[in-house]
Amino acid sequence: MKVFTELPDWRAERRAERRAGIGLGLVPTMGALHEGHLSLVRRSLDENDRTLVSIFVNPTQFNDPTDLAAYPQPLESDLALLREAGVHYAIVPRRDTLYPDGYRYRVVETERSRAYEGAHRPGHFDGVLTVVLKLLQIADADRAYFGEKDWQQLELVRGLAEAFFLPTAIVGCPTVRDADGLALSSRNSRLSSDERRRAPAFHRALVAAPSADLARRALETGGFDVDYVEDDGDRRLAAVRLGGVRLIDNVPLGSDR
Ligand code: PAF
């Protein structure tokens, strides 16, 4: 696996491969890789000649500086996992490389980004959409892979690709869960053993409650601080805090629940 930190080096590599007709899949990540990321990687490896994984803890999508400071960054073990999975390229850019403008230029979506995650994390989706646009431009990939766990993010990224006529196809991939139902997340490593034991009740409540209000009540009774539980079309979207850790999840509504 070739690891790039400098954009011109990556661009030269990609130009040569594109000229040779070699297809590319991009898996954008913030590192702290787990089985959820690896499922995106495997899908990309299946569907493309080559796979590029980006690892960048994007500061502009963190509205809370303590959350950013606590975000795990095990770079060497991440790279080892990617090598083992058979990934061809990793790109690990520095902050000033991705933000030469100091974030003076940004992508702002003015409607759907204001609800749910956006309402609780002001500016979060401006940061996400801005960095995703940069990564898509840099990667020059045929397909880019995003997890359905971040449902709102996936919808907004699809909207971004459409609004700006981006040539990369956006591929959504199913949420990967532990056997007890907890959606895999880099943040799960920050749960204490007691919190980890209680955490699966989050998913259980979303699936079992007949309404969003009843799910909220069940979660509050179970000791979760609820940011939101909302039904939107055929999805129930939710975010809670357990101890100091924020968890998000979503489930389909209706017959396929
Ligand atoms: O889902 C994530 O890990 C991040 O939001 C992403 C898409 C890599 C952008 O920083």
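Residues numbered from 1 in each chain as written. Predicted model: local features only at pLDDT ≥ 70, side-chain atom pairs only at ≥ 80, totals over all residues. Heavy atoms only, no water.

A. Region of the structure containing the domain arrangement of the protein chain. What the domain assignment lists for the protein chain is domain 1 (2-173) and domain 2 (186-248). Contacts between the two partners involve 17 residues from domain 1 and, on the opposite side, 13 residues from domain 2. Here domain 1 and domain 2 share an interface that buries about 1,400 Å² over both sides, 50% of which is from carbon and sulfur atoms. The interface formed by domain 1 and domain 2 includes four salt bridges. Asp-232 is the partner of Arg-112 in a salt bridge, and the nearest nitrogen-oxygen pair spans 3.4 Å. Where domain 1 meets domain 2, there are nine residue pairs in polar contact (both at pLDDT 80 or more). Within the residue set of the side of domain 1 that touches domain 2, elements represented by two or more residues are helix 3 (65-70) and helix 6 (117-120). Class assignment for the residues of the side of domain 1 that touches domain 2 results in seven nonpolar, four polar and six charged. (Domains from an automatic or database assignment. Contact = heavy atoms within 4.5 Å. Buried area = accessible area lost by both parts, 1.4 Å probe. Salt bridge = Lys/Arg side-chain N within 4 Å of Asp/Glu carboxyl O. Polar contact = N/O pair within 3.5 Å; in protein donor to acceptor, adjacent residues only side chain to side chain. Helix = DSSP H or I, 4+ residues; strand = E, 2+ residues; numbered from the N terminus. Nonpolar A, V, L, I, M, F, W, Y, C, P; charged D, E, K, R; others polar.)

B. The arrangement of the side chain of Arg-235 in detail. By secondary structure assignment, the location of Arg-235 is in strand 8 (residues 235-242). One buried charge, Arg-235, has no salt-bridge partner; the nearest side chain with opposite charge is Glu-148, at 4.6 Å. Only 2.6 Å separates the side chain of Arg-235 from the side chain of Asn-250, close enough to count as a polar contact. Ignoring anything within four residues of it in the chain, the contact list for Arg-235 reads Trp-151, Glu-230, Asn-250, Val-251, Pro-252 and Leu-253. (Buried < 20%, exposed > 50% of the residue type's maximum accessible area, 1.4 Å probe, protein only. Lys, Arg positive; Asp, Glu negative; His and termini not counted.)

C. Structural view of the site of the ligand. Inspection of the region around the ligand gives Pro-28, Thr-29, Met-30, Asn-58, Gln-61, Val-131, Phe-146 and Gln-153 as its neighbouring residues. A distance of 2.7 Å separates an oxygen atom of the ligand from a polar atom in the side chain of Gln-61. At 2.7 Å from an oxygen atom of the ligand is found a side-chain nitrogen or oxygen belonging to Gln-153. Per-class residue counts for the shell around the ligand are four nonpolar, four polar and no charged. (Near = heavy atom within 4 Å.)

D. Geometry of unusual backbone geometry. Phi is positive for Ala-32, close to 50°, though the residue is something other than glycine. By the element assignment, Ala-32 lies in the loop between strand 2 (24-29) and helix 2 (35-47). Its relative accessible area of 11% is what places Ala-32 among the buried residues. One non-glycine residue, Tyr-116, adopts positive backbone phi at about 50°. With respect to the secondary-structure elements, Tyr-116 resides in the loop between helix 5 (95-98) and helix 6. According to the relative accessible area criterion, Tyr-116 is buried, its value standing at 16%.

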